[in-house]
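Below, each chain spelled out in residue letters.
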Amino acid sequence: MTKIQAIRGMNDVLPDETPLWQWMEATVQRVVSRYGYREIRFPVLEQTQLFTRSIGAVTDIVEKEMYSFDDRNGDNLSLRPEGTAVCVRAAEQHGLLYNQQQRLWYKGPMFRHERPQKGRYRQFHQLGVEAYGMSGPDIDAEVILLSARLLQELGLGQAVSLQINNIGSAEDRQQFGAALLDYLRGREEELDADSRRRLQANPLRILDSKAPQTQAVLKEAPLLAQYLSPESQVHYEELKLLLQATGVQFEENPLLVRGLDYYNNAVFEWVTSSLGAQGTVCAGGRYDTLVEKLGGRPNPAVGFAIGLERLILLLQTLTTQAQSLPQPADVSLVVDKSRDMAAALALAERMRTRWPELKVLCHCGGGKVSTQLKKAYNDGSRLAVIYAEASTGDSDRVRLRRLDETGEQWPVEVSDLMEQLEKELERF
Ligand code: HAM
């Protein structure tokens, strides 16, 4: 019978890799809570129209990448391709945005039917932060400072660089869009088929086109910079001053346009050259009109999301963090079959009750004492309690063995075991 395999682009994270994930997740969660962000959790399935209305109907995500289906009631649902729209939906639904400022964070799997390659998957994980109710560039700067600290504390500060851009307000982009449309209509027959299709629905997306004939047309197109309103220029200039004053280095990239429609004004990305084509590890910006677009009262917002798989790839390529990760066990209980397994399990339970931080591994399933001891060494245990009659010749005794280079071991009365262990654990 053929074995069933995981779906292409959806990865298992194996036990050898989870310590790095846990360390990374704990680090990023600690950083976001130090900035006053509180966790929000929401479903992985939502109404499809939540994403069509927020990310935009004419975007790669909505047009080509969503996992959408009709459920048994005939409702069209989609696995969430990102968290911002869902965060707005949830916060708005539960009244968190009414006359309030909110700093929220979330973490979890997102789903996009992209072509899988290194750093790009169909199920991937994001950590996102979203700040609501603050319209000034100060919160943009704080959000960027938070992302910078996060990367710094993971030891990745040197591996990434920050790019920023001003994509203007919705009105600026509308005016620019109209001018662009005028210009492109005049040269419609020179565009590639995809761009011609986008001409009606969303001419701004044509700027992302990779088709050489369209790129040639775009060379002479009007520039967004010529249509930025004074307010959005002031906002952006102030943000740059705040970043300079707080020591955040950045590069302005006028080509930085995000692939989701809800952004306005300042957008940013942390990029690396160490991951090949998938170089963006963190991306975000302002999205001041999204709450209203999804039915709420106008509420300014800014946020970003980090791709956790890309962080892991970077950590694996660049740092040795994995070596200092916690070991799977502190004490191993080695039991040979002549002993009462129930007594061994009960002893392990007593140890876990007395020392809640201690990791105790009880060897189940029998096997030779020497094999179990070898496994205890490999598991990283520092001490073995050997529960084997043959070794002591006395059913009331066990042996303690230090699993260090000395390999010292000695017999202990069962009644004295907890006291002896206490002394040994103090040496850890
Ligand atoms: P995004 O640029 O679509 O933005 O994704 C954010 C990050 O998620 C990317 O920079 C990348 O690290 C990671 N990512 C995206 N797609 C994949 C994939 N197929 N495989 C692996 N990693 C991926 C958003 O999702 C916005 N919601 C960010 C945001 C939050 N803006 C404001 N608040």
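Keep in mind the model is a prediction, meaning the values are calculated, not measured. Every chain's residues receive numbers from 1 upward, in the order its sequence appears when written. Owing to the predicted nature of the model, reporting of local features is limited to residues with pLDDT of at least 70; listing and counting of side-chain atom pairs is limited to 80 or more, with chain, interface and lining totals taken over all residues. With hydrogens and water stripped out, all remaining heavy atoms of the structure feed into the side-chain values.

(A) Fine view of the pairing of strand β10 (residues 280–286). Counting buried residues along β10, six of its seven residues qualify, which places the element largely inside the surrounding structure. As defined by bridge partners, strand β9 (residues 264–271) adjoins β10 across six bridges and the pair is classed as antiparallel. In the sheet register, glutamate 269 faces β10, and the bridge partner there is alanine 283. Here, a strand pair is defined by DSSP locating no fewer than two bridges between the strands. We count a stretch as a helix when DSSP gives it H or I for four or more residues in a row; a strand needs E for two or more, and each element gets its number in order from the N terminus. In this structure, β10 lies alongside strand β11 (residues 301–307), joined through five bridges in antiparallel fashion. Note that in β11 the partner of glycine 284 across the bridge is phenylalanine 304. Each residue's exposure class comes from its accessible area (1.4 Å probe, protein chains only) as a fraction of the maximum for that residue type: buried when under 20%, exposed when over 50%, partly exposed otherwise.

(B) A look at the nonpolar core. By size, the foremost hydrophobic cluster in this structure holds 91 residues, and its most contacted members are Tyr37 and Leu150. The dominant element in this core, judged by the number of residues it contributes, is helix α5 (residues 137–153), at eight residues. Excluding its chain neighbours within four sequence positions, the residues that come into contact with tyrosine 37 are Val32, Arg103, Leu104, Trp105, Val129, Glu130, Ala131, Ile139, Glu142, Val143 and Leu146. Throughout, nonpolar core names a set of buried Ala, Val, Leu, Ile, Met, Phe, Trp, Tyr and Cys residues whose side chains join them through atoms within 4.5 Å. Membership of the second largest hydrophobic core comes to 21 residues, among which are Leu333, Ala344, Ala348 and Leu421. Throughout, a residue-residue contact means that at least one pair of heavy atoms, one from each residue, lies within 4.5 Å.

(C) Local environment of unusual backbone geometry. The backbone phi angle of asparagine 99 is positive, close to 50 degrees, even though this residue is not glycine. Judged by its relative accessible area of 68%, asparagine 99 falls in the exposed class. Here asparagine 265, not a glycine, exhibits a phi torsion of approximately 55 degrees, which is positive. Mapping asparagine 265 onto the fold places it in strand β9.

(D) Representation of the pattern of salt bridges within the structure. Salt bridges are identified by distance alone: a Lys or Arg side-chain nitrogen within 4 Å of an Asp or Glu carboxyl oxygen. Scanning the model with the defined rule gives 27 salt bridges in all. The salt bridge partner of arginine 198 is aspartate 60, with a shortest N-O separation of 3.2 Å. Linking arginine 198 in helix α7 (residues 193–201) with aspartate 60 in helix α3 (residues 60–65), this pair joins segments that are 138 residues apart in sequence. Residue classification places aspartate 60 among the partly exposed positions, given a relative accessible area of 29%. One salt bridge connects glutamate 349 with arginine 352, and the closest N-O pair in it is separated by 2.9 Å. Of this pair, glutamate 349 and arginine 352 are both found in helix α12 (residues 341–354), three residues apart, which corresponds to roughly one turn of the helix. Judged by its relative accessible area of 33%, arginine 352 falls in the partly exposed class. A single network of salt bridges, built from pairs that share partners, joins Asp60, Glu63, Lys64, Asp194, Arg197 and Arg198.

By themselves, these figures tell us nothing about what the structure is for.
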